[in-house]
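Letter by letter, the chains look like this.
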Amino acid sequence: MQTFDLGKEGLRALNSSLHALKGQTNMTAWEVINPKGAHAIAAGVDAPVDITVRGSTGYYCAGMNKQATIRIKGSAGPGVAENMMSGTVIIDGNASQYAGATGRGGLLVIKGNASSRCGVSMKGIDIVVHGSIGHMSAFMAQSGNLVVLGDAGDALGDSLYEARLFVRGSVKSLGADCIQKEMRPEHLALLADLLKRGEAADKARPEEFKRYGSARKLYNFNIDNASSY
Amino acid sequence: MCGIVGLFLKDPKLEPHLGAMLTDMLITMTDRGPDSAGIAIYGGAKDGLGKITIQSATPEKDFKDLDGDLHDAIGQPVTMLVKSTHAVLEVPLDQLDAARSALSHLRPGVKVMSAGDSIEIFKEVGLPKDVAARFEVAKMKGTHGIGHTRMATESAVTTMGAHPFSTGPDQCLVHNGSLSNHNGLRRELIRKGMTFETQNDTEVAAAYVSQKLKEGEDLGTALESGLEDLDGFYTFVVGTKNGFGVVRDPIACKPAVMAETDDYVAFGSEYRALVNLPGIENARVWEPEPATVYFWER
């Protein structure tokens, strides 16, 4: 276990050490102490390592993550796991705005609530939120899955492309071109797997969720839809 | 960007440390805005006395013998504490208006930062650490306070363009964001009798809240009205003699984190600003909801 005191050694030293890990490494377990809300902790990691951050983080923690498993034992500031490529990010507390934005792959698990714009423009990432999400979540989401055990705020899935949204609780309002869709057996199977990987299998059953997706009416510009753009 | 910090103390034992706690929080937010910094401290009212905080670009000239001159003008005792470019004048509470009016004749170059029973505002161009040191903010005690570090977008980087803005007795407001309808609103408020020192959008928001309070609304209702009438991006933190309020616009792009314990309510633009507060590990920490008014009063 490599223990890194962010208060003493500083952010640049941490991220340089993590960026130096290429391919296979013996230093697979890392612990970051005294994060104190600092920005960009463990951003840009590209190695199959396990990093635990003991406390709350600021902007862009685990941004652009590839391969690594990053656990935040606290809450995360804006843009956590933004543009994640692969790997897993697990937050014990809450996440601030635009968690998992533009993510291309991997799994983001938020055990508390996520605030506004969760999964905005997601492009393949899977996001599992144990609590609720704020307004404008999954705005222009292109692919991947967003699973919410609690409720969703206003304008869920506005201008959605092909991402799948599963919400167990209430949805305050759906955004333009986002509609409820039937839950077919393949969706129940997908959801069961996501709940298991998202450490939520004991909290919810797939049958309790509703599925939302794109009505595909805004894909191309249509003058009749001008008021919806 | 801009950075905001705020503290509303519930435990009187923390009151001697208010200035030091706010200073530490504000310095942590320096990289959100290095243009100017300011702080409003509610130091508590003294029986029958009011305070006017003033600022001058030429303090040696303007503050020289000002207490004596003001005493002669209003015929009442005046004390003056000079701190760098600012000075705090204490006059009998019922003489606050008379003293302000006398000031504008005696020292036309002097600007009034704040007036009231309890409030003192210090603000200048420069980094939070330098501004806080210049006015010895860390030594100040009080019941609640608000700090701001500015990255200017809407108007010039000047002392008067720094936050907090005070447009009514014991009132102040700080802002992270930008308003889009401030020019129209300023004209309306001028018609209602408000006066403005700057072209700044935030001053309009402050004056808007002051006008609503003047019309008899409480702080919560005034901020609710603002959600209807103020257009743009904002996280506002507002102080009154006894209260402390927070509101974010419905889109809520501008960050905000709050923490509450039995001893205090704290606000920070980022969690970083709160990490050194006592008992933060066990505080209730949350993000204020969009278009939702929060306020605390003692």
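Residues numbered from 1 in each chain as written. Chains lettered and ligands numbered in written order. Predicted model: local features only at pLDDT ≥ 70, side-chain atom pairs only at ≥ 80, totals over all residues.

**Some points on the sheet that holds strand E8 (residues 144-150) of chain B**
Residues and elements named next belong to chain B.
Here is step 1: Read across the sheet, seven strands follow the order E7-E2-E8-E1-E13-E12-E14 without closing on themselves; strand pairing throughout is antiparallel. Each of the sheet's edge strands pairs with one partner strand only, and the pair in question is strand E7 (119-125) and strand E14 (284-286). Neighbour to neighbour, the strand axes of the sheet diverge by 10 degrees on average, direction disregarded.
Here is step 2: Across the face of the sheet, helix H1 (residues 18-28) comes into contact with strand E1 (3-9), strand E2 (36-42), E8 and strand E13 (264-268) while running at roughly 155 degrees to E1. (Pairing = 2+ DSSP bridges. Helix = DSSP H or I, 4+ residues; strand = E, 2+ residues; numbered from the N terminus. Axes fitted to C-alpha atoms, helices over the stretch in contact; angles between N-to-C directions. Contact = placed C-beta atoms within 7 Å.)

**Quick notes on the pairing of strand E4 (residues 69-72) of chain A**
Residue and element names in this part refer to chain A.
Here is step 1: Where burial is concerned, the two faces of E4 differ: the one with Ile70 and Ile72 is buried and the one with Thr69 and Arg71 is not.
Here is step 2: Where strand E3 (residues 50-54) meets E4, four bridges bridge the pair, whose relative direction is parallel. The partner of isoleucine 51 across the bridge, within E4, is isoleucine 70.
Here is step 3: Of the pairings in the sheet, the one linking E4 to strand E5 (residues 88-91) comprises four bridges and is parallel in character. Opposite isoleucine 70, over in E5, you have valine 89 as the bridge partner. (Buried ≥ 20, exposed ≤ 12 C-beta atoms within 10 Å, placed from the backbone.)

**Here we look at helix H3 (residues 185-197) of chain A**
Residue and element names in this part refer to chain A.
Here is step 1: If you check H3, its first and last C-alpha atoms are 19 Å apart, about what 13 residues at 1.5 Å a residue would give, namely 18 Å.
Here is step 2: Taken together, the buried positions of H3 are occupied by Leu191, Leu194 and Leu195. Down the axis of H3, the buried side of the element spans an arc of 100 degrees, and every buried residue falls inside it. Across from the buried face of H3, at angles greater than 90 degrees, the exposed residues are Pro185, Glu186, Ala189 and Lys196.
Here is step 3: Looking at the buried residues of H3, the elements they touch are strand E7 (123-129), strand E8 (143-148) and strand E9 (164-167).
Here is step 4: Backbone geometry just after H3 places glutamate 199 at a positive phi near 55 degrees. (Expected span 1.5 Å × (residues − 1). Arc of directions from axis to C-beta.)

**Digging into the domain arrangement of chain B**
All names here are of chain B.
Here is step 1: Segmentation of chain B into domains returns domain 1 (3-44 + 118-297) and domain 2 (48-111).
Here is step 2: Distance from the C-alpha centre of domain 1 to the C-alpha centre of domain 2: 25 Å.
Here is step 3: Contacts between domain 1 and domain 2 engage ten residues on the former and nine residues on the latter.
Here is step 4: Tallying contributions element by element places E7 first for the side of domain 1 that touches domain 2, with four residues.
Here is step 5: For the side of domain 1 that touches domain 2, the per-class residue count stands at four nonpolar, one polar and five charged. (Domains from an automatic or database assignment. Nonpolar A, V, L, I, M, F, W, Y, C, P; charged D, E, K, R; others polar.)

**Some thoughts on the packing of helix H6 (residues 182-191) of chain B against helix H7 (residues 201-214) of chain B**
Think of two packed helices as two axes; the pair is described by the angle between the axes and how far apart they sit.
Residue and element names in this part refer to chain B.
Here is step 1: It is the contact of H6 with H7, at a shortest axis distance of 9 Å, that shows an interaxial angle of 40 degrees. It follows that H6 is oblique to H7 by the angle criterion. Considering the relative orientation of H6 and H7, their crossing is left-handed. Of H7, the residues touching H6 (which contributes His182, Leu185, Arg186 and Leu189) are Asp201, Val204, Ala207, Tyr208 and Gln211.
Here is step 2: Looking at the contact of H6 with H7 residue by residue, the class counts come to five nonpolar, two polar and two charged. (Parallel < 35°, antiparallel > 145°, perpendicular 65-115°, else oblique. Left-handed = near helix turned anticlockwise from the far one by under 90°.)

**Thoughts on H1 of chain B**
Here is step 1: Counting buried positions along H1 of chain B gives nine out of eleven residues, so the element sits mostly inside the fold.
Here is step 2: Taken as a whole, H1 of chain B has its buried residues at Leu18, Gly19, Met21, Leu22, Thr23, Met25, Leu26, Ile27 and Thr28 of chain B.

**Description of the interface of chain A and chain B**
Here is step 1: With twelve residues of chain A in contact, the opposing surface of chain B contributes nine residues.
Here is step 2: By residue class, the composition of the side of chain A that touches chain B is two nonpolar, nine polar and one charged.

**Notes on unusual backbone geometry**
Here is step 1: In the segment running from histidine 163 of chain B into proline 164 of chain B, the intervening peptide bond is cis, with an omega of 0 degrees.
Here is step 2: For proline 164 of chain B, the location among the structural elements is in the loop between E8 and strand E9 (172-179).
Here is step 3: Positive phi is not limited to glycine here, since glutamate 199 of chain A has a value of about 55 degrees.
Here is step 4: Tracing the sequence through the fold places glutamate 199 of chain A in the loop between H3 and strand E11 (210-214).

**Thoughts on the sheet that holds strand E4 (residues 79-83) of chain B**
All names here are of chain B.
Here is step 1: The sheet built from four strands is open, its strands ordered E4-E5-E3-E6 with antiparallel pairing. Strands with a single pairing partner mark the edges of an open sheet, and in this sheet they are E4 and strand E6 (111-116). Neighbour-to-neighbour, the strand axes of this sheet turn through a mean angle of 20 degrees, independent of strand direction.
Here is step 2: Note that strand E3 (residues 49-55) and E6 share five bridges and pair antiparallel. Note on E6: the bridge partner recorded for isoleucine 52 is alanine 115.

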